[in-house]
Amino acid sequence: VTEKMADDRDPPPLFDDDEKDTKSAEPEDLFPPSTDAKEKDKEEPEDIFATGDTTEITLDDEIPGTKASDPIAAEKKASDPPAAELKTETPVVEKETPKEEPSAPKEEPEAQTQDEIEEEESGDQFTIEITVNNPQKVGDGLSSYMAYSVNTKSTIPEFKSPELSVLRRFSDFLGLHEKLAQKHLHLGRLVPPAPEKSLVGMTKVKMAKDESGTREFVQVRRAALERYLNRTAAHPILRDDSDFREFLEKEGDLPKATNTQAISGASMMRLINKIGDSVGKMTFKMDEGDQFNVAWFEEKHQQIEAMDLQLKKLHASVESLVNNRKDLSVHTATFARSAAMLGNAEEHTALSRALSQLAELEEKVEAVVQDQSDSDFYLFSELVKDYIGEIGVVKEVFNERFKVYKTWKDAEVMLSRKREAKAKLELARKTDKVPMAAAEITEWEDKVEKGEKEFDEISKTIRKEIGKFDINRVKDFKSIIIKYLETLVNNQQKLIKYWQAFLPEAKAIV
């Protein structure tokens, strides 16, 4: 029965009439939204293009061909699909980062001091050349002294004349150095050392009746004074010093310099102070916070010590060479005289003529050897001696830096003590003494701040001065070594020429 009922039942319709209408209407309802979406997509490029136009004007206006006013770029953007527009927005955003890059390199080095600015402004714009000549003895006996003519040619506008000439005695040079050292050395500047005093040499000059015996000493001192003035004038700050200009400009005598004697109370006090500073450096260790600064100064200190030792050894060797050449010159002259006497006594004509010519040749050789000895001394030996003095000045500015550091740290210790004393007064409720203690703390805080600033300033100055010192040292040694070698080669060529000319005469002896 069940099967019969199932067979008699009509199959259900696939769709009701209402559902059929709905199914058939759905494509009509869904299609218009898709059409609107497409129209919306067509309109979106205009909005995106407008937004992109604003962005590109502010960020990419420096790039040619991408402005909104460019019809080619606008047409290209209008024709691109939305996806392409989104892809082009990414690089626009990325270009904002390079726009901020110029602000990164604003980490400039520390501000320059006024001295550094003045040095850079002066630079090598002006020239100055100083010569010291015409040494002359003034007076007689132990009260006499040597005076030198100091001639200056300069384009520096601060000088009252482009060419100057004054007469200065040796003590004036020492007084100038003393003034410059007092004003600049404690700031870390390298003040070239003045020539050394020679009690024995000057006594000979004063007591000598004839200048021939003291001519060499006077010429050596004259050359040293000339080098000293030119080294000082090469420093852009020292040459602008009022005392230096007065030394070169003022006519007549300068105020008498004090404490310039070879043996004086001031010189003994300076020696005692140096010994005290050396002992202080041994008992007090510098503990700086800037490790890079510490490493630099330690390395330079070791280099200066090693250079000082090696230059002193080199100077001793060159002095020995100079003395040996002088001895060779004397012995060559003696040999020439002996050969001439032997030639006069010789009966053989050819041999006598050869010996006479050999004597003349040895006289020429003696002159060449003497000239080479002078070159060894004035060119090489004196250069090494000057730089031994310069290295002594470098050591002095290192010592000045140490003293500034010690003063700073002593002020910090005192400040700590004053703060502890104030705390004890507050705990003891001694309110009447607290204001005075607070005032003392403020005073020592200012001293600590001042000490730290002075230490930073002298450290910067020393680093700059040593940098210039290294550059000038290389230039000076290169220039002098080239001159020395040229002189040496020239003298050797002269000797070869002399001996080659004499060789046929020696072969002609029969």
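Before reading further, recall that the structure is shown in the block above.
One structure accompanies this document, and this report is about it.

About the criteria used
- Residues numbered from 1 in each chain as written.
- Predicted model: local features only at pLDDT ≥ 70, side-chain atom pairs only at ≥ 80, totals over all residues.
- Heavy atoms only, no water.
- Pairing = 2+ DSSP bridges.
- Helix = DSSP H or I, 4+ residues; strand = E, 2+ residues; numbered from the N terminus.
- Axes fitted to C-alpha atoms, helices over the stretch in contact; angles between N-to-C directions.
- Phe/Tyr/Trp six-rings, centres within 6.5 Å; stacked < 30°, edge-to-face > 60°.
- Buried < 20%, exposed > 50% of the residue type's maximum accessible area, 1.4 Å probe, protein only.
- Lys NZ or Arg CZ within 6 Å of the ring centre and 35° of its normal.
- Contact = heavy atoms within 4.5 Å.
- Lys, Arg positive; Asp, Glu negative; His and termini not counted.
- Salt bridge = Lys/Arg side-chain N within 4 Å of Asp/Glu carboxyl O.
- Core = buried A, V, L, I, M, F, W, Y, C linked by side-chain atoms within 4.5 Å.
- Expected span 1.5 Å × (residues − 1).
- 1 Å grid on protein atoms, 1.4 Å probe; cavity = no way out; pocket = protein on both sides within 12 Å on 5 of 7 lines; lining within 4 Å.
- Points joined across faces, edges and corners; volume = space filled by probe spheres on them.
- Nonpolar A, V, L, I, M, F, W, Y, C, P; charged D, E, K, R; others polar.
- Patch = residues over 30% accessible without salt bridge, like charges linked within 9 Å, V, L, I, M, F, W, Y side chains within 5 Å.
- Areas by Shrake-Rupley, 256 points an atom, 1.4 Å probe, with all protein chains shown as cover.
- Charge placed at Lys NZ, Arg CZ, Asp CG, Glu CD.

**Details of the sheet that holds strand S1 (residues 128-138)**
Logical step 1: Reading across the sheet, the three strands line up as S1-S2-S3 and stay open at both edges, with antiparallel pairing between neighbours. Unpaired on one side and paired on the other, S1 and strand S3 (163-169) mark the two borders of the sheet. Each adjacent strand pair in this sheet contributes to an overall mean axis angle of 20 degrees, direction not counted.
Logical step 2: Direction of pairing for strand S2 (residues 145-154) relative to S3: antiparallel, over a ladder of seven bridges. Looking across to S3, one finds that Tyr148 is bridged to Arg168.

**Here we look at the packing of aromatic side chains**
Logical step 1: All told, the structure shown has eleven aromatic pairs when counted by the stated rule.
Logical step 2: Ring centres 4.9 Å apart and planes at 80 degrees place the aromatic pair Trp296 and Phe297 in the edge-to-face group.
Logical step 3: Residue classification places Phe297 among the buried residues on the basis of a relative accessible area of 6%.
Logical step 4: Measuring from ring centre to ring centre gives 6.0 Å for Phe297 and Phe398, while their planes differ by 70 degrees; the resulting arrangement is edge-to-face. With Phe297 in helix H12 (residues 291-345) and Phe398 in helix H13 (residues 349-427), this pair connects stretches of sequence that are 101 residues apart.
Logical step 5: Assessed through its relative accessible area of 9%, Phe398 is described here as buried.
Logical step 6: Three or more aromatic residues link up through ring pairs in this structure, and these residues are Trp296, Phe297 and Phe398.
Logical step 7: Just above the ring of Phe247 sits the side chain of Arg168; from NZ or CZ to the centre is 5.5 Å.
Logical step 8: Directly above the aromatic system of Phe377 lies the positively charged group of Lys326, at a separation of 6.0 Å from the ring centroid.

**With respect to the environment of Tyr148**
Logical step 1: Secondary-structure assignment places Tyr148 in strand S2.
Logical step 2: As a C-alpha pair, Tyr148 and Phe170 span 22 residues in sequence and 7.8 Å in three-dimensional space.
Logical step 3: Setting aside residues no more than four positions away along its own chain, Tyr148 makes contact with Val132, Asn133, Asn134, Pro135, Val166, Leu167, Arg168, Val218, Arg221, Arg222 and Leu225.

**Details of the side chain of Glu390**
Logical step 1: Considering the arrangement of structural elements, one finds Glu390 in helix H13.
Logical step 2: No salt bridge is formed by the buried Glu390; the nearest opposite charge belongs to Arg231, separated by 4.1 Å.
Logical step 3: Glu390 has contacts with Pro192, Pro193, Arg231 and Phe469, leaving out every residue within four places of it along the chain.

**Remarks on the pairing of S1**
Logical step 1: Relative to S2, S1 runs antiparallel, the two being bridged by nine bridges. Each bridged residue has a counterpart across the sheet, and for Thr131 the counterpart in S2 is Asn151.

**Describing the nonpolar core**
Logical step 1: Ranked by size, the top nonpolar core spans 37 residues in total, and within it Leu311, Phe398 and Ile462 carry the most contacts.
Logical step 2: Mapped onto this core, the elements with two or more residues apiece are H12, H13 and helix H14 (434-507).
Logical step 3: It is H13 that contributes the most residues to this core, 17 residues altogether.
Logical step 4: Grouped together as the second largest cluster of nonpolar side chains are 29 residues, Tyr148, Leu225, Phe244 and Phe247 included.

**Topic: the pattern of salt bridges**
Logical step 1: Summed over all chains, the structure comprises 23 salt bridges.
Logical step 2: We note a salt bridge from Glu305 to Lys395, for which the minimum N-O separation is 3.5 Å. In this pair, Glu305 is assigned in helix H12 and Lys395 in helix H13, connecting sequence segments 90 residues apart.
Logical step 3: Here Glu305 falls in the partly exposed class, since its relative accessible area comes to 33%.
Logical step 4: Note that Lys409 and Glu412 form a salt bridge whose closest N and O atoms lie 3.2 Å from each other. With Lys409 and Glu412 both in helix H13 and three residues apart, this pair spans about one turn of that helix.
Logical step 5: We classify Glu412 as partly exposed; its relative accessible area is 29%.
Logical step 6: Among the ionic contacts, a cluster of salt bridges with common partners joins Arg227, Arg231, Glu382, Asp386 and Asp476.

**A short note on helix H7 (residues 170-184)**
Logical step 1: Over its 15 residues, H7 runs 22 Å from end to end, which matches the ideal 21 Å to within 8%, given 1.5 Å per residue.
Logical step 2: The set of residues buried in H7 consists of Phe170, Ser171, Asp172, Phe173, Leu174, Gly175, Leu176, His177, Leu180, Ala181 and His184.
Logical step 3: Elements that come into contact with the buried residues of H7 comprise S2, S3, helix H9 (215-234) and helix H10 (242-249).

**Observations concerning the layout of surface pockets**
Logical step 1: Estimates place the volume of the second largest pocket at around 1300 Å³.
Logical step 2: If you go around the second largest pocket, you meet 41 residues; those closest to its centre are Asn230, Arg231, Ala234, Asn472 and Asp476.
Logical step 3: Looking at the lining of the second largest pocket, the elements with two or more residues in it are S1, H9, H13 and H14.
Logical step 4: Ranked by residue count, the leading element in the lining of the second largest pocket is H14, at ten residues.
Logical step 5: When the residues that make up the lining of the second largest pocket are grouped by side-chain class, the tally is 17 nonpolar, eight polar and 16 charged.

**Re a negative patch on the surface**
Logical step 1: Residues Asp446, Glu449, Glu452 and Asp456 make up a contiguous surface patch of negative charge.
Logical step 2: Along the chain, the position of Glu449 falls in helix H14.
Logical step 3: Classification of Glu449 by relative accessible area gives exposed; the value is 56%.

**Remarks on unusual backbone geometry**
Peptide bonds are trans in most cases, and residues, glycine excluded, mostly fall at negative phi.
Logical step 1: At Asn134, a position not held by glycine, the phi torsion is positive, near 50 degrees.
Logical step 2: Residue position: Asn134 is located in strand S1.
Logical step 3: The partly exposed category is assigned to Asn134, whose relative accessible area is 48%.

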